[in-house]
Structures are given as C-alpha cells and as structure tokens.
Amino acid sequence: MSLSRENWISLALLALLLAIPYAAINFGNPFYVTLATRMAILGLAAVGLNVALGLGGLVSFGHAAFFGVGGYIAGIMASHAMSMQPLNFGLFALPASNQMLAIWIVAMLVAGVLAAAIGAISLRTSGVYFIMITLAFAQMTFYFAISWPAYGGEDGLSILVRNQFPGVNTMVPINYFLICFGVLVVALILFALIKNSRFGAALQAARQNEVRVASVGIAPFRIRLVAFIVSGMITALAGALYADLNRFVSPSMLSWHMSGELIVLIILGGVGRLAGPLAGAMLFVMFEFLLGGLTERWQFFLGLLLLGVVLFARGGLIGLVAGRQRHG
Amino acid sequence: MQTALFIEQLLNGLQLGVMLFLMAAGLTLIFGVMGLINLAHGSLYMVGAFACAIVAAQTGSFWLGLVASLAAAAAAGAIIEILVIRRLYQRDHLDQVLATFALILIFSEGTRWLFGSFPLYLDIPPLLQGTVPLPGGSRYQLYRLAIIGVGALVAIGLYLLITRTRLGMRIRAGESDREMIGALGVDIRTLYTVVFALGAALAGLAGAMVGALQSVQVGMGEPALILAFVVIVIGGIGSIKGALVGALLVGVVDTMGRFLLPQLFGLFMNASQAGIVGGALASMLIYIVMAVVLAVRPQGLFPAAKG
C-alpha cells in the first residue's frame, strides 16, 4: 500500500512526538517529557472526539463529560485501592484496583454507558440543538461532581501514587510517556480502520447526506449512536491517562472549557483528518507553553489565533500542509 | 413560617427566571433571525456588569451605571457583529461555536487585563434598598422585586416592538425568509447589526442588575450563558415566547429544587445525607427537565415556525 501525503504527515508527527522526550532528556530538560505526554493524551482525547465530530459531523460540545468521567474513574479506583476499600454499589461490591489496564476498561465501560444514554437523547435532535444539549449534559456531570462531596467535590481528588502498569515503573516520566504514546498509536490505527470500514463509510455518508443514507436502508441514528459511544470511550481513556499524569482529578476536567478546548484541538489540526487531532494537540500544548512563558494573558492570544484560523484558514494545520481533502 | 419561606423561594425563582429571560431573549432572537449560535453572549452580560460597576463607582449613581451598561453592551455587540460575527452567518454551526468561543477567551482575558482578577462590587441603589412585607409575616428584598418588574416590562416591550413596529416587522420577516426581505430592499446588514446590538443590550442589562446582587467578575457570564442555553432549548430555539416560558420554568424549578429536594429526601434519610443527595440532585434538576422535554418534544415547547 502506498502512503498518501496525509499518512506520511501522520507518521512524521508521531516520530516528532516520540523524539521530543528523548531530545529533552539528552539536553537535560526532563520537564519537556511531561509536555510531550500532555500532547499525546490531549491528542488521544481529540482522536476520540474526531470519530463523532470529524467522521460523523456530530458537533459534541460535551465531550468533557467523558474526559472527566475517565479521570474520576482513575481517581476513585486509585483512592479505593489505596485505602483497601471495595467499591460499594449497594447491592454488590467490587474490589478496587490500581492497575491501569483494569482502570482503563472500567473507564471505557462507564463512559460507554454514559455516552449511550446521552447519545440516545441528544441524537434525536441535530444542529444547534445537538450542540447545546451535549453541552448541557456535560454541565450536569460537572455540577454533580461539584456537589457530591464523597470524592472531593469542588476541591478534586488527588492520586497519591500513579496507578500501575504490568512490568513498568509508571512514576518514571519517560515510561509513562511511552504508555500514553502506545495508546495513542493504537487509537490512531483504530481511527483509520473505522474511517475506511463499511461502518465509517456509512457514518461519513450520513454526515454528507442523511436522506440518501436512509433511503438505501441504513438507519443514521444507530450508526451515529455507535460512533458517539466509541468516541466517548476513547475520550474517557484519555481522561484516565490525564488524571494519572497530573495525579489529580477535579471538576475542571468536566468543565465546558475542556469541551471547547477539545473541539479547538481538532479545528487547529484539521477536521476528520487522521492526524488532525494530534497536530492540533501538539500545536496547542506548545502554544500554551511558549506563550504562557511570555505572558499570563496567553488565552487572549489563543483567542485571536483561533479566530484567525476559523475565519481565514479553514482546514486547519493538516489542511495547510496536506492540501484540501478530496471528499468533504 | 414555612409558607413564607416557600413564597420567598418562589419569588427568588421568578427573579432568576426573569434574569434568564433577558439573556435568552437576545440569544433566541439572534438565532431566529440570523441563524447564529452565539457563545459570547455571556461576555456581553459581563461587559454590562463591568460598565455598570465602573460608572456607578465613578459617578456614584447606579442609574447612570445602568444606562452605561446598556450602551456599553450594545456597542460591544455592534462592534463584534461588524468585525467578526458578520462573517459567520454563512458558515456552519461548528465555525460559529469556535469563533464565538474564541471571543469569550478574548473578552475574559481582556477584561482581566484591564480590571484585574479582583471582583468589583456594585451597591443596590438607595431607592431600592430595604424590604417589603410578604403575606405570612416575612419580608422580601425590594431590589429583587424590582428586577422581576423590569423583566416584565422588557417582556412587554419586546412583544410590542416585535408585533407593532416597523423594526419588529422586519425582524419577523427576517425570521421567515431572509432572501426575500433582502430582495425587497431592506438593508439586511444594518438590520442584523441592530438585532445583535439589541440582544447584547438585553444581556448587558441582565448583567448589571445581577451585578448588584452578586459580585462583578470575569467568568460571571458563563453560568448565565449555559442556563440561557437550557432555557432556549426547552422553549424552542428562535421563539421569544418559548424563551419567556422556558426562563420562568428553569428559574423556578432550579430554585425550588434546591429548596425542596433536600427536605423531600429528609423524609426518609438523616438530615446531612438528605442535604447531600438532595443538593446533588437539585443541581442537575434543570438538565433532567430539559432531557425530559426533549424526549417528548425534540424541537422544544414552542418550536419556531422555521427550523
């Protein structure tokens, strides 16, 4: 299979991301390892959103809900494992685990159920209604997290020791980066597989022309719901990784600013592109770091940049480099 | 005593609802006429509150501050409409969301830059200080009653504006057929700027009035914006009547939920647990109401004539 220009760019971006932490260690700046890990995790979260937004055209303004739920699962499991208390569900109790693999599965399952519930209601609507409803549902989880004191309420929840991965010391920054990088690569492969599958074709077709898809006998609702669930699950996985990176989870992961930022990442990179979210995340984190070092007011300039991209550079960064997409 | 508290909470709910109506009316008008989703509406609310607080502090007059809030918010609205929003009418909703999200970042950081992160305080004007007696023996803040009164006046004023004036006729025409009124020679660009500035002024008025109850600070517009979204989704996007009904519903349900739910759970739980469960549920209540309304009527309670 010959690689398209876009795929070459994807590989180059991954190689660049992989090179950052090693270069950082060589030059004695281990702080940049954390920065690269942030890029990988935010990129992963945006890859998740890209399934719904890029392929399905579902502008979810509430993906912070899934990101935050993933984070809270990691935090809650870690705190229960720390205090050796089983997770009590009233009727039954489950032992908590501080193994990342177990946490990831739980995070994705819980987010999947949540996405199914939110999606089942939200997907009955479209357009502006969909944007506002997903936003409102995310706000609901946000206020729930704030007003429920058992896991820190407004103050958030600390993860004292980063959760564990078989055979790896996760407290070493480069190890944790490699775990996140590996998950990102798997997610990108999954995204490419979805995009080129029959399911992905139907999903994209439903975005382009819902009536035609329906008239050839495919129900857009079910396809979109599945896409929304997959999308939420990937974003939740990123949330769990993010909580472990910061060893802290707070309601701010559920806030609507987070939802907005995830959309921004995709737009900066390029909607529906394989590496768009990663490019966007790398650009965003770098921008935040460089400008944040220069001025406290970096969000002001981020706003200006974003406005410029939306008004004048449609197609994002990947669009600039790889040319326009052949199929809208 | 319980009855008096109940009435007081009901009035608080009404006051919140009126404030939400001022926000939601502008949002829904802008969506109905221009088809634009404006996240920066909360920033205009903030602009109104800051203008009022600053002018009131300089001149000592709340009333001048109120005038300033209307003027500043309308001017800010007109400026962003001409510079940015105008380019977004033909774009899809995703671009509108992003561009107006960018505007929020610019407004919030810009305001923090100019006025610092400390909240400003705005006093209730002397004329409206004090309380009035309520049936049942308790007393109620006069200022909150005045807000309810202003909201009612604005609702009536908007109704008259839209049904009785030439501008209102053009707005209604713009809602039902954009190309046609352009073809009939109405200067549609100016009409859009006027509608946007009108919506902005209403948001600014809401911000100024609420500013005297709470503190005036960066980020104050965002909770109000999101509640206003819930309102217009419940009411039907584009419908002013829907915005009014939705705003009162959301205001009363939210306030009464916070008041009654902990007591309700208190019937079969101990008090502290009931407070936690009831409080958590109350904070989600309006979103649950929204989900129920949408499950039954996906276009809201009063769908606008044209989606």
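Residues numbered from 1 in each chain as written. Chains lettered and ligands numbered in written order. Predicted model: local features only at pLDDT ≥ 70, side-chain atom pairs only at ≥ 80, totals over all residues.

Right, let's talk about the overall build of chain A for a bit. Assigned secondary structure in chain A consists of 13 helices and four strands. Computed over its C-alpha atoms, the radius of gyration of chain A comes to 19 Å, within 12% of the 20 Å expected for a compact globule of 328 residues. Dimensions of chain A, computed from C-alpha atoms along their principal axes, come out at roughly 55 × 55 × 40 Å. Scored against the burial criterion, the 328 residues of chain A give a buried share of 53%. Taking as baseline every contact in chain A between residues at least 6 positions apart, the subset at least 24 positions apart corresponds to 76%. (Helix = DSSP H or I, 4+ residues; strand = E, 2+ residues; numbered from the N terminus. Rg over C-alpha atoms; globule rule 2.2 N^0.38 Å. Buried ≥ 20, exposed ≤ 12 C-beta atoms within 10 Å, placed from the backbone. Contact = placed C-beta atoms within 7 Å.)

A tally of helices and strands in chain B yields eleven helices and two strands. Counting helices and strands in the order they occur from the N terminus, chain B gives α-α-α-α-β-β-α-α-α-α-α-α-α. Its C-alpha atoms give chain B a radius of gyration of 20 Å, near enough to 19 Å, the size a compact globule of 307 residues would have. Structurally, chain B occupies a C-alpha span of about 65 × 50 × 35 Å along its principal axes.

The figure often quoted for interface size is the accessible area lost as the parts come together. Contact residues are listed per partner, giving 36 residues for chain A and 34 residues for chain B. Where the side of chain A that touches chain B is concerned, the elements lending two or more residues are helix H5 (127–147), helix H10 (256–269) and helix H12 (298–312) of chain A. Element by element, the count of residues in the side of chain A that touches chain B is highest for H5(A), at 14 residues. Partitioning the side of chain A that touches chain B into residue classes produces 27 nonpolar, seven polar and two charged. (Nonpolar A, V, L, I, M, F, W, Y, C, P; charged D, E, K, R; others polar.)

Right, let's get into the environment of Asn38(B). Residues and elements named next belong to chain B. Its place among the elements puts asparagine 38 in the loop between helix H1 (2–34) and helix H2 (41–59). Separated by 125 residues in sequence, asparagine 38 and threonine 163 have C-alpha atoms that sit 24 Å apart. Apart from the residues within four sequence positions on either side, asparagine 38 is in contact with Leu27, Ile30 and Thr100.

Moving on, we come to the nonpolar core. Taken as a class, soluble globular proteins show a tendency for nonpolar side chains to be buried jointly. Within the largest apolar cluster, 224 residues are counted, with the highest numbers of intra-cluster contacts made by Leu44(A), Leu237(A) and Val230(B). For this core, the element with the highest residue contribution is H1(B), accounting for 16 residues. (Core = buried A, V, L, I, M, F, W, Y, C linked by C-beta atoms within 7 Å.)

Residues and elements named next belong to chain A. Here helix H4 (residues 100–122) contains 23 residues, and its C-alpha end-to-end distance of 31 Å stays within 8% of the 33 Å for a straight helix at 1.5 Å per residue. When we look at burial in H4, the residues that qualify are Met100, Ile103, Trp104, Val106, Ala107, Met108, Ala111, Ala115, Ile118, Gly119 and Ser122. Against helix H3 (64–83), H5 and helix H9 (220–246) lie the buried residues of H4. (Expected span 1.5 Å × (residues − 1).)

Moving on, we come to the packing of H2(B) against helix H4 (residues 93–115) of chain B. Residues and elements named next belong to chain B. Relative orientation of the contacting elements H2 and H4 amounts to 20°, with a least axis distance of 9 Å. Overall, the two elements H2 and H4 adopt an arrangement that is roughly parallel. The handedness of the crossing between H2 and H4 comes out as left-handed. Taken together, the residues of H4 that come into contact with H2 (itself represented by Gly42, Ser43, Met46 and Phe50) are Leu103, Ile104, Phe107, Ser108, Thr111 and Phe115. (Axes fitted to C-alpha atoms, helices over the stretch in contact; angles between N-to-C directions. Parallel < 35°, antiparallel > 145°, perpendicular 65-115°, else oblique. Left-handed = near helix turned anticlockwise from the far one by under 90°.)

Right, let's get into the confidence of the model for chain B. Per-residue confidence for chain B gives a mean pLDDT of 88, with 98% of residues at or over 70. Complex prediction metrics read pTM 0.88 and ipTM 0.84. (pLDDT = per-residue confidence, 0-100.)

A few words on the confidence of the model for chain A. Here chain A averages 88 in pLDDT, and 94% of its residues register 70 or above. By mean pLDDT, helix H13 (residues 316–322) of chain A is the weakest element of chain A at 66, and H9(A) is the strongest at 96.

Residue and element names in this part refer to chain A. Helix length check: helix H6 (residues 173–196), at 24 residues, gives a terminal C-alpha distance of 35 Å against a target of 34 Å (1.5 Å per residue), a fit within 8%. Considered for burial, the residues of H6 that qualify are Tyr176, Phe177, Cys180, Phe181, Val183, Leu184, Ala187, Leu188 and Phe191. Contacts made by the buried residues of H6 are with helix H1 (5–26), helix H2 (31–55) and H9.

What follows deals with the packing of H1(B) against helix H10 (residues 240–266) of chain B. All names here are of chain B. Here H1 crosses H10 at 145°, and the two axes come no closer than 7 Å. Relative to H10, the crossing made by H1 is right-handed. Of the residues assigned to the contact of H1 with H10, the class counts are 17 nonpolar, eight polar and one charged.

This paragraph deals with unusual backbone geometry. Unusually for a residue other than glycine, Arg247(A) sits at a positive phi of about 50°. Note on Arg247(A): 17 C-beta atoms within 10 Å, which makes it partly exposed.

Mapping Ala291(B) onto the fold places it in helix H11 (residues 271–296). Between the C-alpha atoms of Ala291(B) and Phe115(B), which are 176 residues apart in sequence, the distance is 39 Å.

Within the secondary structure layout, Gly280(A) lies in helix H11 (residues 276–294). Along the chain, Gly280(A) and Ala240(A) lie 40 residues apart, while their C-alpha atoms are 20 Å from each other.

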